[in-house]
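Below, each chain spelled out in residue letters.
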Amino acid sequence: MTFIAKPKVTHPSLPQNALGLTRRAYEGALSTLCAGCGHDSITAAIVEACWRLSIEPQNLVKLSGIGCSSKTTAYFVSGAHGFNAVHGRMPSIAMGANAANRRLSYIGVSGDGDTLSIGLGQFCHAVRRNLDMLYMIENNGVYGLTKGQFSASADVGTRAKKGETNLQPPIDPVLLALDLGATFVARGFSGDKRQLVPLIEAGLKHRGFALIDVLSPCVTFNDHEGSTKSYAYTREHYEPAVLADFVPSEAPITVDYGAGEAREVTLHDGSRIVLRKIDSGYDPTDRAAAAAAVQARMSSGEYLTGLIYVDPGEERPDFHQINGTPEEPLNALPYEQLSPGSAGLRKVLARYR
Amino acid sequence: MATSAPRRINDFTLKIATVNGTGSASANTLLMKTIFRSGVPVTGKNFFPSNIQGLPTWYEIRVSHAGHLARSGSVELMVALNPETYARDVRELAPGGYLVYDSTWPRPVLLSRSDITAVGVPLARMCNENFTGVRTRILMKNICYAGVLAALLNLDLARMRELLGETYAKKPQLLESNVKALQLGFDYAREHFACPLPLAIEPMNRTAGHVMIDGNTAAALGCVFAGATVAAWYPITPSTSLMDAFKGFCERLRVDAASGVKRFAFIQAEDELAAIGMVLGASWNGARAFTATSGPGISLMNEFLGLAYYAEVPAVLFDVQRVGPSTGMPTRTQQGDLMACAYASHGDTRHVCLYPADPAECFTMAVEAFDLAERLQTPVMVLSDLDIGMNDWMCPQFQWDDAYRPDRGKVLGREQIEKLEKFHRYLDTDGDGIPWRTLPGVHPKGAYFTRGSGHTQFGTYTEDAHDYQLVLDRLMKKWQTAKTYVPRALIEGAGREVGIVSVGSSDSAVREALGLLAAEGVSVDYMRVRAFPFGAEVERFLAEHALVFVVEQNRDAQLRSLLTLETPVAKAKLRSLLHYSGLPVSSRFIVEGVLAELRGRPSAVKPSAVGA
């Protein structure tokens, strides 16, 4: 259906956000992915989150690598600049872009191939730098565009469409990010938008590196019997640990979920994440415990989902805090503040006499 | 001691052979600066191993009243302090030359030649008697030989003490021991030898208005003046000192005294693949960004360079070339990346390259590179090399025009975008092949999707044959425009039948060779190319000369290949003079090469080409 241009008409009764924009303003080009692809649900969740946050479209920067997932940045917020990098190297583009202008919001969309194989190094170093961005992995355990090879996130024992069984252990991005010191680590499921949208909102608002690994079944190459990343398997085995709701700084708290043991995490701009624990023993601010819980579930073939870990005080400095860059974006500094001029040159060169 | 040798005042080469990690660099710098401050033109070239400690290292100081900066190709005074290389060091000395050595122990190998004069000084014994501690004794031996040379070469001892005072201003004990070591060497030489030697320094006034600086420092300074704010890199010899210098300058010049806020971002990347990605991300987002690397880094950056070419993202790279292929010899010089940079990446790609010849041009071309990258919306590579980058060259004091403002090229502002009905990223609206671009965060109507996949002139994805080809052809049009933007080749002389073409650091040796050839009765015209793509003047020079020598420092005649690929010149009239040992080319190499060709095979060129 990609040849049909999407009409940009809006109905006056469509709800508007604080900027007076409807959800349509946050949509992009029509998806060219397979019908029923989990990635399209994630795109819809991103549209919803950006609309809810009332982000000015031009203040969002969309980044991606190569693969099915990386195509999706064209399918949301058409008023935002997008950068489709080379395979596995989106984090470096994001780092440079963020260094140049710290005021914009950066969202990276990648896949399990793009992040966990060819891009594993750049992913790890983006986490280390605490690069201020939301990094989403649309994780389906399989290479789609090259027709069904296992990716590095394929589980042991999962069966490929052509019948081969994977015997190599997976690299889990959530455990990896926890180990590398990420300050916001979440896992979602493309089939659970209610859980996913607040995670995206919170991830966009979080200062520092926010990872959301989203289990996103590939309907064409990995949705068969024997696959551990099919819709059917994922629905049965994903286990929400902590439900999160995002509350903008100006809004009163109205948590979507029923009453439970609620806890608030306040972000640097005054907005809050309200966490409700499903399992009363789980503490999403305890990194070691979070990693242990993820691992325990994994060993029984389950995925723990929700906001798995958050640095409650956003205490770890992000790249700019470490670097000591000014609040004003580097790309906006007037030249006069950058060059010492001819007098400065003479002074510098006096040392080379 | 022999005194019959002809006097060579302010015109000789002195070479010091030591072991790396023993602290000889400070003594060598002291000698260089003393000569420089005496008003005598001088350059120093460091031939060092890829190693921290224990391997042979040499420092060659060329003193030239005429101001020649290249290696002459002969050594008149050798300071041989490394037993491992005694034999070859003695062999290298020119007949009639002088050999300074440590006579603490008998050294028969050093006394094997009768056509040189040996000057034995018991450096180790003197330092052992006068200093305590193993490390101090080793370090002081260096300053001690500097004292010996001061006496032998008639250097101004007071000036040397003054320089030591500047170096050790904050370390009085070190100053004291250094001054003492200097005096020890000086006094011993005065007492035992007829000083000065026929090789000597006499003060002149030929260094006023000049600086002694290396190309990496100069390039870093150029980046500061160009207004670069984002620097991303991965450490690699010999480019590392460029980034270190940039950081150092920024910490002095760009840190707000009150708040400590830094008006720059300095990012040590995880590898070169990430370094170039960061540069592209930052440039795409409107900051002036750059990286510095060497050949292996260029290889790794190839994929991103193709994206930058095709998606039209500005970027500035400094390639401080070293010896390849592969790891090669990381601390030796070569011009081996000319081809790799010109056509880096797969598919139809071509890149703007600038070729500085010395640190002064590293400074000016750094600034030009940023302007060109933004005007042309493409990567610009500045190809320096280890010889330029890491050695101290005497250059005219750099000038700066305070009226300079960065040329950011065709970037649409908020108001301009507002007036547009629709923005098309890759549409050539002005006929120069350069489209307009927009920056994120300015206006939603300016948003576009940057991609390395096939795209139309409107910026949308395509797999359509015609639409794809339109963009590729327009990129070629931009390339034609680039020919008129890049620095012109410099041409000296006209009308002769023989010409020489060179590039980058080969220039100083060619310049000296031109004079030497003229003295031999061979007059030639000279062109130094300074950029790729080549301008019309390059084509003209090649057309106007019957025989053209192409001087470059690589095995495969890469400049010659580029000339034959990109101009209509007949291959047969381009003769290569190739120097690829890892040492900087000498003027003697060029003179001998040209004379061998012209005189050894007179049929190659009409007789009229030779002669006054």
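Here the structure is shown first, and the text comes after it.
Given the structure is predicted, the values throughout are model-derived calculations rather than measurements. (Residues numbered from 1 in each chain as written. Chains lettered and ligands numbered in written order. Predicted model: local features only at pLDDT ≥ 70, side-chain atom pairs only at ≥ 80, totals over all residues.)

A.B. asks: Mind laying out helix 16 (residues 507-519) of chain B, listing which residues take part and the relevant values?
C.D. replies: Residue and element names in this part refer to chain B. Across its 13 residues, helix 16 extends 19 Å between first and last C-alpha, which sits within 8% of the 18 Å expected from 1.5 Å per residue. Among all positions of helix 16, only D507, S508, A509, V510, R511, E512, A513, L514 and L517 are buried. Each element contacted by the buried residues of helix 16 is listed here: strand 19 (498-503), strand 20 (525-529), strand 22 (547-552) and helix 19 (587-600). Looking one or two places after helix 16, you find G521, whose phi comes out positive at around 90°. (Helix = DSSP H or I, 4+ residues; strand = E, 2+ residues; numbered from the N terminus. Expected span 1.5 Å × (residues − 1). Buried ≥ 20, exposed ≤ 12 C-beta atoms within 10 Å, placed from the backbone. Contact = placed C-beta atoms within 7 Å.)

A.B. asks: Describe in detail the interface of chain A and chain B, supporting the description with residues and values.
C.D. replies: Contacts between the two partners involve 49 residues from chain A, matched on the other side by 54 residues from chain B. Mapped by element, the contributors of at least two residues to the side of chain A that touches chain B are strand 2 (81-84), helix 3 (90-100), helix 5 (120-128) and helix 11 (341-349) of chain A. Counting residues per element, the side of chain A that touches chain B draws most heavily on helix 3 of chain A, at 8 residues. Bridge count for strand 2 of chain A against strand 17 (residues 449-451) of chain B is 3 bridges, and the pairing is parallel. Across the sheet, F83 of chain A pairs through a bridge with T450 of chain B, a residue of strand 17 of chain B. (Pairing = 2+ DSSP bridges.)

A.B. asks: Can you break down the packing of helix 7 (residues 215-226) of chain B against helix 8 (residues 240-253) of chain B residue by residue, with the values?
C.D. replies: All names here are of chain B. For the pair helix 7 and helix 8, the least separation of the axes is 8 Å and the interaxial angle reads 45°. With respect to each other, helix 7 and helix 8 are oriented oblique. Our pair here, helix 7 against helix 8, has a crossing hand that is right-handed. Here N216, T217, A219, A220, L221, C223 and V224 of helix 7 come into contact with helix 8, specifically with S241, L242, A245, F246, F249, C250 and L253. Tallied by class, residues from the contact of helix 7 with helix 8 come to 11 nonpolar, 3 polar and no charged. (Axes fitted to C-alpha atoms, helices over the stretch in contact; angles between N-to-C directions. Parallel < 35°, antiparallel > 145°, perpendicular 65-115°, else oblique. Left-handed = near helix turned anticlockwise from the far one by under 90°. Nonpolar A, V, L, I, M, F, W, Y, C, P; charged D, E, K, R; others polar.)

A.B. asks: Go over unusual backbone geometry, please, and point to the residues and values.
C.D. replies: A cis amide bond links C195 of chain B with the next residue in sequence, P196 of chain B, at an omega value of -10°. With respect to the element layout, P196 of chain B can be found in the loop between helix 6 (172-192) and strand 8 (199-200). Look at the link from G324 of chain B to P325 of chain B: it is a cis peptide, with omega at -5°. With respect to the secondary-structure elements, P325 of chain B resides in the loop between strand 13 (315-321) and helix 11 (338-342). Positive phi, normally seen in glycine, also occurs at V77 of chain A, with a value near 40°. Tracing the sequence through the fold places V77 of chain A in the loop between helix 2 (68-71) and strand 2. For Q377 of chain B, which is not glycine, the phi dihedral falls at a positive 50°. Its location among the elements puts Q377 of chain B in the loop between helix 12 (359-376) and strand 15 (379-385). With 24 C-beta atoms counted inside 10 Å, the residue Q377 of chain B sits in the buried group.

Geometric descriptors of this kind do not, in isolation, establish any biological role.
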